[in-house]
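# Reading the structure
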Amino acid sequence: MNSYPPELLTQLAPVMFVAGLDPVPSTEQPTPATGKGNDFVILASRLRETLQAQRKVSIWQPEKMKTFQVILVDKEIRFPPRKLVPPEDATYSAAHSPLSPLTPTSPLYPDGLIAPIWIRKHTSLIPSVFVSFMRIYEYPSSNAATNPLDLPDTNREREREAEERKRDTKLAAEIAQRKKSTNEYGVKLTVVLMASRKLLGELKSVYSDPQAEQSEYDPALDARLTFIRRQSGLDSRAALFVLSPVSPGELGEFVKSLQQALYEPALEYYTNHSKRVRRKRNRHSQTNYSNPISGPSNITRPLRPEGWTVRYEYKMACFAEFRGEDEVALKHYQDAHSMLVVMFGSTAILPPRTKRWAEAKVLADCINFKICKLYLYNNEHALAISHYNSHVRIFSDFSRGWGIGEETYEYWSWIARQYRVVSELLEQGSRSTLTIPVHRPNLQILLNTNSTAGNGRNYTANGFETETLRSLGINPSHALQHAGFYYLMAAKCTETRRARFLATLELEGSQPTPSSSPGFTNERKVDHLALILELYTKAYELFKKHIVVNPHSPTQSRLTLWIAYRIAQTYYQSAKYDMAIRFFERIATIYRREGWDALLQPLLSTWYACAREVGDIELSIKLMIEMMGHSPANPEEADSLGEDLLAILKVTTSALETTYYILKGRQSTVPSTDEPLIVNIPESRPICHISASSEDQREVDAILRWEPGGCFIFSGNVSCESPTTIRIDKLVWTLAEEKWTIDVAVDFDTSRQTLSTRWLASTEPRRFLPIRPENPSSLRQDICFPASASSNSVRYRSHELDVVLSHESPAYLNEEFPITISISNIDTRPLDVIVNVLVPPTEFEGAANTIIMDDERSSNFIKGIPFGLLAPGDRAEKILYLVPSGASGDRVVDISIQSKATHSTAIEPEEDDITETTRMLVISTSDPLKATQTISYRHSLGAWPGLADLTTFDGDTWNAIRTSEALVETRLECAGPLPLQERGGMQVIDCSVDIDETLSAEYYPGDEFSYMARFALSPAEDGEDDKVIPSPGTYRVSWRRIGKNGSLGSLTSTVIPLPALHRPDEGLIALLSIPSPATLHRPIPLTLTIRNYHATRSANILVQLELDASDGFIVAGLRSGRLPILMPGTEEQFVWNLIPIECGHIRIPQIKVIDKRPTFTGVSEPTADMVSKGEVVKIVNVRLGTPSSVRATSGESSTAHGDNLGTVLMTIPDAQIFPRATGPAATLVERHQKSADLVLYAGWFCPSVQRVWIALEEKGIKYQYKEVNPYKKEKHFIGELSCLEIFTLYYTDEVCRIQILIPKALSPAVEYKGRAIYESLVICEFLEDLYPTQKPLLPVEPTSRAIARIWIDFIAKAIVPGQQRLVQAQEPGQQTQLLKEYIEVLQKFSKEIKGPYFLGEEFSLVDVAIAPWIVRDYIIRENRSFKREDVSEIWVKYGNVIETRNSIVETQSEKKHLNEIYGRYLRDEAQSETAKAVRAGRVIP
């Protein structure tokens, strides 16, 4: 941050000047009268320490505390003049500040924007509060001993009073002089008088000593303080304090209390400055600027309007930052930054490479810094990094136009500076309160990727495409990261800067006349490498701190190691070879451990160069050997390394042993033209041979010396006669040259590396063929043994069997499902084969399995089924049967084939030559037939015989008319994927067969056949137990599987039982019959048949039909009737004629059937309540065959409702809304339940209601809130507000009066002293006229008032209908057109917004009129593709301001209930007056 003025970057805080705490000179020491002269010296010292520790100047200070930036000053300090002329001068009012661009002596004259000295003026030269510490005079006390009984010395008292008055007058004059200077700047002056505890006594101050003796109390002190306050002209609030020497703890409390008391005056000071600057800005915006842009560049022009805007916006942002109003400061900083971009866009306004251009560029960078910091204060990380990237992108584009693009070092210097500034900001914030978001990848994906990547050489996880892997991450430049990332970017940009500078320097060297530009001269002085080292080092430290470590593989981050590598490279470029070697050594250790060989190879080259520079021979040899082992891709480089190694070995003599480098193999280290010696070990003899009985260990020596021009090719294997373990203990390569001996030990833990591979094609001439596979990683060679080869087990060779399992899936339940097991011996040895079969338990409830093979049968395991001794080439086959039962689902069959070689000579049984081959089958199991059964119970509507018919009383006669019917339908479907051959008495759909007929047929998947059975059920008598009839029968279907080749499987039977039936248990029952459908306005009969199934008991029946206002029928017939006696075994009918008057699904009128004769059980007598209420009779809709309702308790309704009759009540959808306000609105409703002169009738959901509600809250009017639903035809609402359904009402005087006042059934409406007003905008103006003094919402000036009404009318006629039409639009094309029209209407409105509200600073009735539709525009944002940004940026800001105003927030309910209402509007199903008007194309009411 040193590249920018610190004044433009630091966090601004209120400034407090403190005077009078300087060390007291010896000549002015307090008189010893008090005996405590040193107490005030100590007090002043402690005050200095406490005040200076309050708040330090820093970049990052997000805490909002009532503290000041305290500056200790001399008591005689003078403030800088406000203007160049004194106040008494006649030209004072027209003069300007010394720092104004309008002042010729100003450093900004004539076109400067802002100077750091202006910030310094308000942070160190002029305070917001001035605190002066002073000593109050204390008259010396007499040392002579006095008698307590003596009278006071009046002369001495008069002298004391005179001296105190004299000193107090002088002190007041000094305060008044300081008061005059602070008043000139509007600075609050506070005086703290320091007095001894004796003088302070028991004055009511928390800072006095509570233990002071009452005999030392000075009663005249209060009068002295009043005199000083009046004489000096101090304020009455927080202007005068008295402090005595106190403890450090009490002193801290005093300082805290002092700052809290003075914080509001400080805020007022900065607020006044903001108002003054705003007035200047408004005056300046109305001034026409006549100076043209074009013209000679050497003519000085005054500052343009854009520059004045930047200046004033920046000042207001600073003052807001002083006040701690971060959001206000952010807005002004953004406006200043936007205007600066406009200025830089014109080279005529800001010519490039001029002084003002450079100053403006610095100012833009600093404003961008402030904006990012304020975003970070609010944890808005995305907005902060977005603005930062936008700033860099905009000014990068400008730089190309200025001729300082990417090819110049100036450009990269500026880019690096931007990255460094933001990294330092993040670093300081991270030490305090800033939390950097962590962008972690999915850990499981990370683990999978690491597992497939191995040791770091395979960078793509198996199963993931490149684009998929990219989608798992984010662009680092689009997400805020820790400071290390930006330090890294700054370092890379500085490297590019250095490269561009070196290129420029080289170009300058070739010129005859070197450049003398100041920028190039300054760039020569820059130590680029030191800067790069500093930035890389900081990045490295922060990356180590924030590294994401995988707990399963704790390794260093590749980027962290790469940064360390760049640090080492920079040290090398700086000729600091020792430091470079230390870094290279640490990095190489990690690279070797983690297998980053691709990165290690270039590192070794630079490391080797450093070793040569410092003359470290041994290190050079080590590095060359390791570099040779990595097999450089360029053969010439490899040969050069070999020559360098030989040259070094011949120069000096030493002995070097290394055990941590590995020599990687190549076909020929030393080129040769002679024929190579090819040693084929199997043709000569093995290196070693281990027998089964050998227990001793032998060392085998071999001379593997390369002669000049020689070449060895090794091939062969290690063999033994029986299983054992071979371990390689040691492998060392020895290089000998002259007197050098270098031992290179093989590390068995080192993974294989990808090497260049060549095949020997011929020996004369010697010729190699290069191998370039498609996947280079598939060819891996290594001279040393890999880790897996350091210890190897020798085992019997596995047997080779060809196992084939064949079956036709799926298996059907209860069938013997065949699985053919075929085993072929393709080995060279005869094998004895046995098979084991296991069926694990299934997870399905009720599932069971049986397996059959040969004569073995088991539910889960069969062991040791012999397949015999199979000679090479023989084949054996057997069939395994799986019988699944119970439940369908997958069955798992594990088959284990064990083969044993007959020639095995092992002594121990566990060493037999046995191989186990396993196979697992997953057999899907399903039902062969899918059965679906349905039962329908029906009542016969045939007329019952009368009581005179003898068969009525004959119990032996089956009376089919009195029975109920049960119709059982059984539908069978061939559910499996394979066809079946069926045998049995079944009936194919649409094809009849006799029940007793046996028919064979083939059915294929999807074929269906069914059987219908109808049963007559006699009613259950009282006391009978067999009311449930068990399954009356079963269906048995016998079938065979038809194989793919046409073969038939085993015969299998599937049994399907019929369901249980329930006999009717009914005493009294009412059967309802109504035809469907009906025709509008044509009568239909409604028949109710009441039957008495009781054998001995009669009934007393009451039938009632109740109409509701919402019923869609006109009913002709009995409303209430009585059937005194219904004899056992008889029935009676009631018939009504219904005339439908509405379309749709209409609810049948409510019917009650009550038996007034209670049931007597014999246990107790019936009560009077039972007799009066009776027993409700169940009503059954015979058309549906199901009861319309369950049996209700006594006195409850058992009416047949429309839902059960197959019809739906067609009500107004809007009547079913949530009944009350919720969320913040519910709290507001609760506060307004008391009676008041003004009553608001409101529906919480209505935007028009919210208009009136907001106006009431803004004006602070007392009112009573009443919740109503205008669309629901409830009597209390009709009686109060509307005349809906007039023909159903009984009129009263009050009802008629309200009907006349409010002819519409719509809310809102208000009632004031017995009179009602409706229409929301009319109500708002009525409130404005009724309460003119309570916060007016319309301008007072007539023209402005008329303009406001024009725009209110525009809202009502254009904006509200436009949004409503867009909500109800259904066709995509219509939605697109209406969205376009709505945006155009809003754009026209937004152009007139003054900001922050429509008419400016004050909230008005225009804002009230549109607010409810702004807070509801989320409906069209989510469902109609509307975006506020498509209107304008002003509209976005205006919407945010409106949404957050208290009166609007408090009148809103929860969105979840509002969404239910608007869902009907979005589907165009709403029946409100507004919805109907939109559909009809009428004006919205």
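Described below are features of the structure shown in this document. Just so we're clear, the structure is a prediction, and the values are computed from it rather than from any experiment. (Residues numbered from 1 in each chain as written. Predicted model: local features only at pLDDT ≥ 70, side-chain atom pairs only at ≥ 80, totals over all residues. Heavy atoms only, no water.)

### Regarding helix 10 (residues 381-401)
This is how it is decided: Runs of H or I in DSSP of at least four residues are treated as helices and runs of E of at least two as strands, each being numbered from the N terminus. Under the convention used throughout, the expected extent of a helix is 1.5 Å for every residue step, that is, one less than its residue count. Exposure classes here rest on a 1.4 Å probe applied to the protein chains alone. A residue is buried below 20% of its type maximum, exposed above 50%, and partly exposed in between. Here the arc refers to the set of directions running from the helix axis out to each C-beta atom. Two residues qualify as a contact provided that any one of their heavy atoms is within 4.5 Å of a heavy atom in the partner residue.
Relative to the 30 Å expected for 21 residues at 1.5 Å per residue, helix 10 spans 31 Å between its end C-alpha atoms, a close match to the ideal helical length. Of the positions making up helix 10, those classed as buried are His381, Ala384, Ile385, His387, Tyr388, His391, Val392, Phe395, Ser396, Phe398 and Ser399. Looking down the long axis of helix 10, one finds its buried residues gathered within 165 degrees of arc, a one-sided arrangement. Facing away from the buried side of helix 10 by more than 90 degrees, the exposed set consists of Ala382 and Gly401. Residues of helix 10 that are buried make contact with helix 8 (326-344), helix 9 (355-377), helix 11 (409-431) and helix 14 (483-509). Trailing helix 10 by a residue or two, Gly403 shows a phi angle of about 85 degrees, which is positive.

### Comments concerning the pattern of salt bridges
Definition in use: Salt bridge, as used here: a side-chain nitrogen of Lys or Arg that lies within 4 Å of a carboxyl oxygen of Asp or Glu.
One pass over the full model with this rule turns up 48 salt bridges. Across the pair Glu406 and Arg400 runs a salt bridge, and its minimum N-O distance is 2.6 Å. Judged by its relative accessible area of 41%, Arg400 falls in the partly exposed class. One continuous salt-bridge network, built from bridges that share partners, spans Glu157, Arg160, Glu164, Asp168 and Arg224.

### A short note on the packing of helix 29 (residues 1342-1368) against helix 31 (residues 1405-1415)
We apply this condition: Each axis is a line fitted through C-alpha atoms, and for a helix only the stretch in contact is used; angles between axes span 0 to 180 degrees, taken between their N-to-C directions. Note on terminology: angles under 35 degrees are roughly parallel, angles over 145 are roughly antiparallel, angles of 65 to 115 are roughly perpendicular, and the others are oblique. Ten residues, namely Ala, Val, Leu, Ile, Met, Phe, Trp, Tyr, Cys and Pro, are considered nonpolar, four, namely Asp, Glu, Lys and Arg, are considered charged, and the remaining ones, Gly among them, are considered polar.
In the contact formed by helix 29 and helix 31, the axes pass within 9 Å of each other and the chain directions differ by 10 degrees. Taken together, the axes of helix 29 and helix 31 are roughly parallel relative to one another. Contacts from Ala1348, Trp1351, Ile1352, Ile1355, Ile1359, Val1360 and Gln1363 in helix 29 reach Leu1405, Val1406, Ala1409, Ile1410 and Trp1413 in helix 31. Taken together, the residues of the contact of helix 29 with helix 31 break down into 11 nonpolar, 1 polar and no charged.

### Section: a negative patch on the surface
Our working rule: Residues form patches when they are more than 30% accessible in relative terms and have no salt bridge. Like charges link within 9 Å. Nonpolar side chains (Val, Leu, Ile, Met, Phe, Trp, Tyr) link within 5 Å. Where accessible areas are quoted, they stem from the Shrake-Rupley method and a 1.4 Å probe; at the residue level, only the protein chains shown are allowed to cover. Residues scored as positive are Lys and Arg, those scored as negative are Asp and Glu, and His as well as the terminal groups of each chain are ignored. A charged residue contributes its charge at one atom only: NZ of Lys, CZ of Arg, CG of Asp or CD of Glu.
A surface patch of negative charge is lined by Asp22, Asp74, Glu76 and Glu174. With respect to the element layout, Glu174 can be found in helix 3 (residues 154-185). Taking the relative accessible area as the measure of exposure, Glu174 reaches 34% and is therefore partly exposed.

### Quick notes on the packing of helix 9 against helix 10
Rule in force here: For any helix crossing, the convention is left-handed if the near helix is rotated counterclockwise from the far helix by under a right angle, and right-handed if that rotation is clockwise.
Interhelical geometry of helix 9 versus helix 10 gives an angle of 165 degrees and a closest axis separation of 7 Å. If you check the angle between helix 9 and helix 10, you find them roughly antiparallel. For helix 9 against helix 10, the interelement crossing comes out right-handed. Taken together, the residues of helix 10 that come into contact with helix 9 (itself represented by Ala364, Asp365, Asn368, Ile371, Cys372, Tyr375 and Leu376) are His381, Leu383, Ala384, His387, Tyr388, His391 and Phe395. Residues belonging to the contact of helix 9 with helix 10 are distributed by class as follows: 9 nonpolar, 4 polar and 1 charged.

### Description of the nonpolar core
Put simply, the rule reads: Buried residues of nine kinds, namely Ala, Val, Leu, Ile, Met, Phe, Trp, Tyr and Cys, make up a nonpolar core once their side-chain atoms join them within 4.5 Å.
Among the nonpolar cores identified, the biggest contains 152 residues, and Leu193, Tyr314, Tyr333, Leu340, Phe344, Leu603 and Trp607 are the most heavily contacted of them. Take this core: its biggest share by element is 13 residues, from helix 9. Excluding its chain neighbours within four sequence positions, the residues that come into contact with Tyr314 are Leu8, Ile114, Ile119, Tyr333, Ala336, Leu363 and Ile367.

### Things to note about unusual backbone geometry
A cis amide bond, omega 5 degrees, links Ser809 with the succeeding residue Pro810. Residue placement: Pro810 occurs in the loop between strand 17 (801-806) and strand 18 (811-812). Omega for the peptide link from Gly1395 to Pro1396 comes to 0 degrees, which places this bond in the cis form. In this structure, Pro1396 sits in the loop between helix 30 (1372-1390) and helix 31. Positive phi, normally seen in glycine, also occurs at Lys1313, with a value near 55 degrees. Residue Lys1313 is classed as exposed on the basis of its relative accessible area, which comes to 61%. One non-glycine residue, Asp1468, lies in positive phi territory at about 60 degrees. Turning to its location among the elements, Asp1468 is positioned in the loop between helix 35 (1455-1466) and helix 36 (1473-1480).

### A word on the environment of Asn379
One can find Asn379 in the loop between helix 9 and helix 10. In this structure Asn379 comes out as partly exposed when scored by relative accessible area, which is 46%. Considered as a pair, Asn379 and Leu434 are 55 residues apart in the sequence and their alpha carbons are 7.6 Å apart.

### As for a positive patch on the surface
On the surface, Arg82, Lys275, Arg279, Lys280 and Arg283 cluster together into a positively charged patch. You can see Lys280 is positioned in helix 6 (residues 248-285). Overall, Lys280 belongs to the partly exposed group, its relative accessible area being 31%.

### So, the sheet that holds strand 50 (residues 1309-1312)
So the rule is basically this: A pair of strands is labelled paired if DSSP reports no fewer than 2 bridges between them.
Spatial strand order, 49-48-50-51: 4 strands in an open sheet with mixed pairing. Pairing within the sheet leaves two strands with one partner each, and these edge strands are strand 49 (1264-1267) and strand 51 (1315-1318). The sheet shows a mean angle of 25 degrees between the axes of neighbouring strands, taken without regard to direction. Pairing of strand 50 with strand 51 involves 4 bridges; the strand directions are antiparallel. Residue pairing in the sheet places Tyr1312 in a bridge with Arg1315 of strand 51. Here helix 28 (residues 1320-1330) sits on the sheet and contacts strand 48 (1238-1242), strand 50 and strand 51; the angle it forms with strand 51, its principal contact strand, is near 125 degrees.

### Concerning the environment of Ala1255
Examined against the element boundaries, Ala1255 turns out to sit in helix 25 (residues 1247-1259). Spatially, the C-alpha atoms of Ala1255 and Ser1447 are 8.4 Å apart, while their sequence positions differ by 192 residues. Beyond its immediate stretch of four places on either side in the chain, Ala1255 contacts Cys1324, Leu1327, Leu1337 and Val1408.

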